[in-house]
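Descriptive structure summary
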Amino acid sequence: MKKRGHNREHFSLFYVIYFTFVFLFVAIVLLLSGVVKDRLAEYESVQPKYKAAEIFDKYFNPVDFRALLADAKYEAEGVTQDEIEEYLRGQIADEEITYAIGSSDKEDEIRYIVKAGDKKFAAIILKKSDIKSEHGYSTYELDSIELYVSVRHEEDNPTYTITISVPAGYTAYIDGTALTTEYKTETVINEDAFRYYPDGVTGIQYDVYVVPELESPPVNVTAKDTKGKDAVISAIDDDGYERSYTAAVNNDEALAAEYSEYITNAIEGYAAYMQKDKRFSSISKYFDPSSELYNTVKAAGNDLWMVIDHDSYEFKDVSIGEFYNWGTVSDGDVISCRISFMHILHRAGRDDFLDVIDMTVFLRKTDEGYKIYKWYNN
């Protein structure tokens with residue numbers, strides 16, 4: 001009896017110690033969770049986007065012209081504030097006012113570009129302040145507001161403002177003179193650079209250059225890529241004294257030299273496969289076996305009930321280009337291109353059948369090289 005009593009006492013002591021440790025562990029975890037949560041909240045509260053939103057709401061939502069003209073920096077010598085306000089009202093009109101983070105050449109400066117529709121007319125510049133948060137995080141304060149104004153009297157000699165957007169790293173030229181970073185106002189995401197993108201990508205980074213107060217319009221606006229090759233550039237907006245241009249992304253010649261034949265063989269092989277002129281085994285090597293596309297193409301071979309009767313076939317007007325290296329994205333290491341051609345089926349005694357192929361093809365790097373994992377019909 002004494003032995004059983006001793007066991008009960010030992011059993012009770014064990015659970016007292018056990019639950020004490022559990023309680024202490026839970027208390028410490030909750031305490032640490034609260035500390036981490038408070039630190040994260042403090043860090044989030046000092047992010048510059050909140051100061052930018054505060055400044056935006058004060059001056060631009062809606063636009064307070066008097067406060068703006070009193071506090072902003074701008075160059076409009078010999079022009080009254082009423083004339084500048086009239087000019088700004090004309091620029092803004094009924095357009096939606098938005099803002100987005102831009103680029104800055106200064107390490108401790110953050111620049112937000114303010115737009116009326118697609119037209120930039122101001123910038124909010126923030127800088128790191130001397131005030132730190134409770135745990136030493138940097139805070140931001142307003143450095144200045146810049147207004148992009150170009151007000152002219154009819155009797156004055158007119159000046160021209162030229163805006164040029166080029167893929168990041170490209171060089172923009174006006175009449176043969178390269179534009180320096182002095183003229184770069186922001187870096188933006190151009191969603192229209194390509195028609196299709198890998199997953200997680202919405203566009204290409206573009207540098208925007210603005211050259212104001214030219215006494216005469218430029219004769220030539222050009223751009224070159226990082227290797228000195230000319231880029232196709234076109235006017236996207238010609239508003240008299242304010243003219244905008246954008247440059248297209250150049251074809252990656254190195255990728256084209258390495259993969260043009262490979263991709264052409266793959267897509268021509270696929271077209272032939274879809275007319276039962278090839279087996280899947282002859283084209284499977286071009287596709288990433290881990291992709292959904294691989295299984296879709298393979299399964300298509302069992303459902304080719306609309307094959308057109310023909311005696312022979314050929315491919316004409318093959319064109320392949322728009323090669324681009326996306327680097328490492330959510331899909332992996334990815335490259336893409338665009339390929340088009342005419343698939344002609346010859347049929348004795350009847351008209352030939354023509355099928356136009358035009359696709360954007362994405363390939364990702366595997367252990368066996370680049371393989372097609374996704375495509376889109378253009």
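Scroll up to find the structure this text is about.
Residues numbered from 1 in each chain as written. Predicted model: local features only at pLDDT ≥ 70, side-chain atom pairs only at ≥ 80, totals over all residues. Heavy atoms only, no water.

**Regarding the overall build of the protein**
In terms of regular secondary structure, the protein is built from 6 helices and 16 strands. Counting over 378 residues, the protein shows a buried share of 39%. Restricting the contact set of the protein to residue pairs at least 6 apart, pairs at least 24 apart contribute 60%. Only carbon and sulfur atoms are counted for the fraction: they give 50% of the accessible area of the protein, which is about 23100 Å². (Helix = DSSP H or I, 4+ residues; strand = E, 2+ residues; numbered from the N terminus. Buried < 20%, exposed > 50% of the residue type's maximum accessible area, 1.4 Å probe, protein only. Contact = heavy atoms within 4.5 Å. Areas by Shrake-Rupley, 256 points an atom, 1.4 Å probe, with all protein chains shown as cover.)

**Focus: the nonpolar core**
If you look at the biggest cluster of nonpolar residues, it comprises 29 residues, and the most contacted ones within it are F60, L88, I97 and F121. Elements that contribute at least two residues to this core include exactly α2 (48–59), α3 (65–71), α4 (81–92), β2 (109–116), β3 (119–132) and β4 (138–147). Residues within four places of F121 in sequence aside, it is in contact with F60, L88, I92, I97, V114, K115, A116, E146, L147 and Y148. Ranked by size, the runner-up nonpolar core spans 28 residues in total, among them A256, A271, F280 and Y286. (Core = buried A, V, L, I, M, F, W, Y, C linked by side-chain atoms within 4.5 Å.)

**Remarks on the sheet that holds β2**
Judged by pairing direction, the sheet is antiparallel, and its 4 strands sit side by side in the order β1-β2-β3-β4 without closing on themselves. The sheet terminates laterally at β1 (97–101) and β4, the two strands that pair on one side only. Looking at each pair of strands side by side, their axes are set apart by 30° on average, direction ignored. Pairing of β3 with β4 involves 8 bridges; the strand directions are antiparallel. Within β4, the residue paired with K127 across the bridge is E141. Contacts from α4 reach β1, β2, β3 and β4, with the element oriented near 105° to β3. (Pairing = 2+ DSSP bridges. Axes fitted to C-alpha atoms, helices over the stretch in contact; angles between N-to-C directions.)

**Regarding unusual backbone geometry**
With an omega of 0°, the peptide bond between N61 and P62 qualifies as cis. Tracing the chain through its elements places P62 in the loop between α2 and α3. A positive phi angle is found at E322, which is not glycine, with a value near 55°. Along the chain, the position of E322 falls in strand β13 (residues 312–329).

**Here's the deal with the environment of T222**
Its place among the elements puts T222 in strand β10 (residues 221–224). A relative accessible area of 32% means that T222 is categorised as partly exposed. For the pair T222 and I174, spaced 48 residues apart in the sequence, the C-alpha separation amounts to 6.6 Å. Ignoring anything within four residues of it in the chain, the contact list for T222 reads T171, A172, Y173 and I233.

**Some remarks on the sheet that holds β13**
The strand order across the open sheet formed by 4 strands is β13-β14-β15-β16, and the pairing between neighbours is antiparallel. The two strands at the open ends of the sheet, each matched to only one other strand, are β13 and β16 (369–377). Geometrically, the sheet is characterised by an average inter-axis angle of 25° between neighbouring strands, direction not taken into account. Here strand β15 (residues 353–366) pairs with β16 via 8 bridges, running antiparallel. Within β16, the residue paired with R364 across the bridge is K371. Against the sheet, helix α5 (residues 253–273) engages β13, β14 (332–346), β15 and β16, with an angle of about 130° to β13.

**Comments concerning the pattern of salt bridges**
Enumeration according to the criterion identifies 19 salt bridges in this entry. The partner of E109 in a salt bridge is R111, and the shortest N-O contact between them spans 3.9 Å. Here E109 and R111 have matching classes, each one buried. One network of salt bridges, in which partners are shared, links R66, D82, E85 and R89. (Salt bridge = Lys/Arg side-chain N within 4 Å of Asp/Glu carboxyl O.)

**Remarks on α5**
Counted at 1.5 Å a residue, the expected span for α5 with its 21 residues is 30 Å, and the 29 Å between its end C-alpha atoms agrees. A bend of about 55° at Y259 is the largest found in α5. Backbone nitrogen of A254 and a side-chain oxygen of the N-cap are separated by 3.1 Å at the start of α5; the cap is D252. (Expected span 1.5 Å × (residues − 1). Bend = angle between axes of the 7 residues up to and from the residue. Polar contact = N/O pair within 3.5 Å; in protein donor to acceptor, adjacent residues only side chain to side chain.)

**Considerations on a negative patch on the surface**
A cluster of acidic residues, D94, E95, E96 and D118, forms a negative patch at the surface. Relative to the assigned elements, E95 resides in the loop between α4 and β1. Its relative accessible area of 45% is what places E95 among the partly exposed residues. (Patch = residues over 30% accessible without salt bridge, like charges linked within 9 Å, V, L, I, M, F, W, Y side chains within 5 Å. Lys, Arg positive; Asp, Glu negative; His and termini not counted. Charge placed at Lys NZ, Arg CZ, Asp CG, Glu CD.)

**Focus on the packing of aromatic side chains**
The geometry of an aromatic ring pair comes down to the distance between the two centres and the angle between the two planes. Evaluated as defined, the whole model comprises 20 aromatic pairs. Ring plane angle 80° and centroid distance 5.2 Å describe the contact between F315 and F341, whose orientation is recorded as edge-to-face. You can see F315 sitting in strand β13 and its partner F341 sitting in strand β14, a full 26 residues away along the chain. On the accessibility criterion, F315 (22% relative accessible area) is partly exposed. In this structure an aromatic cluster arises from ring pairing among F56, F60, Y99, Y112 and F121. (Phe/Tyr/Trp six-rings, centres within 6.5 Å; stacked < 30°, edge-to-face > 60°.)

**Regarding the side chain of E85**
Inspection of the secondary structure puts E85 in helix α4. At 2.9 Å, the side chain of E85 and the side chain of R89 are in polar contact. Discounting chain neighbours no more than four positions away, the residues touching E85 are F65, R66 and L69.

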